[in-house]
Amino acid sequence: MYASEGVWRDVDAYFVATLVAEDEALVEARESGRLSTMPQAEVAPNQGKLLALLCGTAGARRVLEFGTLVGYSTVWLARAVGEGGRVTSLELEERNADIARRNLERAGVAGRVDVVVGPAAESAWRMVEDGVEPYDFVFIDADKPSNPEYLKASLALTRPGSVIVVDNVVRDGAVVDAGSSDERVQGVRAVLADIAGDARLEATALQTVGSKGWDGFTVVRRIR
Ligand code: DHB
Ligand code: MG
């Protein structure tokens, strides 16, 4: 059995309409993605809600995000941590960060989110040097060639029990091409190998189809 991409989108639309209530602020944040340096790269509404649900089940109060873009996933994460929670979101592009800050303001969560502009790895290692408190949940969703570096920094910024989600690990199936000349594919394969080889980590990965085409994500639990 094979369903076409049009049907994947219809099913996502049905799930979102049935289960995923986006308020005005989320709709506007999602739609503002078209003004960013990477239109369409924000997570789907049902994936945004999954991130929030994972944060909730992990009891996360401190969340770290690599790749703010316009803050759509950031709104989901910030709402999930609740009033006493804190989200740090790292973004390379000032232009995206400006849009994100407006979206966070509109969503009523600007007070619990720090959007840090600059190369995400540099920002993360600075936090390690500063000795910040460990994060409970990390969402890695920035430039894919840097995935291994982002994982390394995440391990310096988490604790046993923390959860790490890595987005975009399928990319139309390209992930299985070990000889790919696409450095994004190699960044995904390298981070998956690093996760697999690290005794502190347990992980799985899932493929998704839907409003974002064919892609997927990895869920990692740090056990020690
Ligand atoms: C791209 C990056 C993302 O994080 C995403 O969700 C979709 C696309 C990209 O690099 O094109
Ligand atoms: Mg992504």
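Residues numbered from 1 in each chain as written. Chains lettered and ligands numbered in written order. Predicted model: local features only at pLDDT ≥ 70, side-chain atom pairs only at ≥ 80, totals over all residues. Heavy atoms only, no water.

Chemist: Give me the pattern of salt bridges: which residues, what numbers.
Modeler: By the definition in use, this model includes 13 salt bridges. The salt bridge partner of Arg 9 is Glu 5, with a shortest N-O separation of 2.9 Å. With Arg 9 and Glu 5 both in helix H1 (residues 5-19), this residue pair falls four residues apart, about one helical turn. We note a salt bridge from Asp 215 to Arg 171, for which the minimum N-O separation is 3.8 Å. With Asp 215 in strand E7 (residues 213-222) and Arg 171 in the loop between strand E5 (158-167) and helix H8 (183-196), this residue pair connects regions lying 44 residues apart in the sequence. A relative accessible area of 33% places Arg 171 in the partly exposed class. (Salt bridge = Lys/Arg side-chain N within 4 Å of Asp/Glu carboxyl O. Helix = DSSP H or I, 4+ residues; strand = E, 2+ residues; numbered from the N terminus. Buried < 20%, exposed > 50% of the residue type's maximum accessible area, 1.4 Å probe, protein only.)

Chemist: Talk me through the sheet that holds strand E1 (residues 62-66); I want residue IDs and the actual numbers.
Modeler: Overall, mixed pairing links the seven strands, which are arranged E3-E2-E1-E4-E5-E7-E6 in an open sheet. If you trace the sheet from one side to the other, it starts and ends with strand E3 (113-117) and strand E6 (201-210), each paired once. Averaged over all neighbouring strand pairs, the angle between strand axes comes to 15 degrees, with direction disregarded. Direction of pairing for E6 relative to E7: antiparallel, over a ladder of 10 bridges. Considered in E7, the bridge of Gly 210 is made with Gly 213. Its contacts with the sheet put helix H5 (residues 94-106) on strand E2 (86-91) and E3, and the angle it makes with E3 is roughly 170 degrees. The strands that helix H6 (residues 120-130) touches are E1, E2, E3 and strand E4 (135-140); relative to E2, the one it contacts most, it runs at about 140 degrees. (Pairing = 2+ DSSP bridges. Axes fitted to C-alpha atoms, helices over the stretch in contact; angles between N-to-C directions. Contact = heavy atoms within 4.5 Å.)

Chemist: Please give an account of the site of ligand 1 that cites residues and values.
Modeler: Taken together, Met 38, Ala 41, Asp 141, Lys 144, Asp 167, Asn 168 and Arg 171 are the residues near ligand 1. A distance of 3.0 Å separates an oxygen atom of ligand 1 from a polar side-chain atom of Arg 171. In the complex, the protein chains occlude 74% of the 290 Å² of accessible area that ligand 1 would expose alone. When its residues are assigned to classes, the shell around ligand 1 shows two nonpolar, one polar and four charged. (Near = heavy atom within 4 Å. Polar contact = N/O pair within 3.5 Å; in protein donor to acceptor, adjacent residues only side chain to side chain. Areas by Shrake-Rupley, 256 points an atom, 1.4 Å probe, with all protein chains shown as cover. Nonpolar A, V, L, I, M, F, W, Y, C, P; charged D, E, K, R; others polar.)

Chemist: Can you tell me about the nonpolar core, naming the residues and giving the values?
Modeler: Counting residues in each nonpolar core, the largest one holds 29 residues, and the members touching the most others are Val 63, Leu 77, Val 87, Phe 137, Phe 139 and Val 165. Elements supplying a minimum of two residues to this core: helix H2 (24-31), helix H3 (45-58), helix H4 (72-81), H5, E3, E4 and E5. In terms of residues, this core owes the most to one element, H4, which gives six residues. Core analysis: the next-biggest nonpolar cluster, separate from the first, contains 26 residues, Met 127, Leu 151, Val 166 and Val 188 among them. (Core = buried A, V, L, I, M, F, W, Y, C linked by side-chain atoms within 4.5 Å.)

Chemist: Explain the pairing of E1 residue by residue, including any values.
Modeler: Among the five residues of E1, five are classified as buried, and the element is accordingly described as predominantly covered. Across the two faces of E1 the burial is the same, with Arg 62, Leu 64 and Phe 66 and Val 63 and Glu 65 all buried. In this sheet, E2 lies alongside E1 in parallel orientation, the contact comprising five bridges. Note on E2: the bridge partner recorded for Arg 62 is Arg 86. Chirality of the crossover, the property in question, places the unit of E1, H4 and E2 among those that are right-handed. In this structure, E1 lies alongside E4, joined through four bridges in parallel fashion. Bridged to Val 63 within E4 is Phe 137. (Right-handed = clockwise from strand over helix to strand, strands pointing away.)

Chemist: So what's going on with the packing of aromatic side chains? Residues and values would help.
Modeler: A complete count under the given rule lists two aromatic pairs for this structure. Each ring, one from Tyr 14 and one from Phe 15, has its centre 5.8 Å from the other, and the planes form 40 degrees; the classification is tilted. Over the aromatic face of Tyr 135 sits the side chain of Arg 62, whose NZ or CZ is 4.3 Å from the ring centroid. (Phe/Tyr/Trp six-rings, centres within 6.5 Å; stacked < 30°, edge-to-face > 60°. Lys NZ or Arg CZ within 6 Å of the ring centre and 35° of its normal.)

Chemist: Account for the packing of helix H7 (residues 147-155) against H8, naming residues and giving values.
Modeler: Two elements in contact, H7 and H8, have axes whose closest approach is 7 Å; the angle formed by their N-to-C orientations is 35 degrees. Where H7 abuts H8, its residues Asn 147, Pro 148 and Leu 151 lie against Gly 187, Val 188, Ala 190, Val 191, Asp 194 and Ile 195. Residues belonging to the contact of H7 with H8 are distributed by class as follows: six nonpolar, two polar and one charged.

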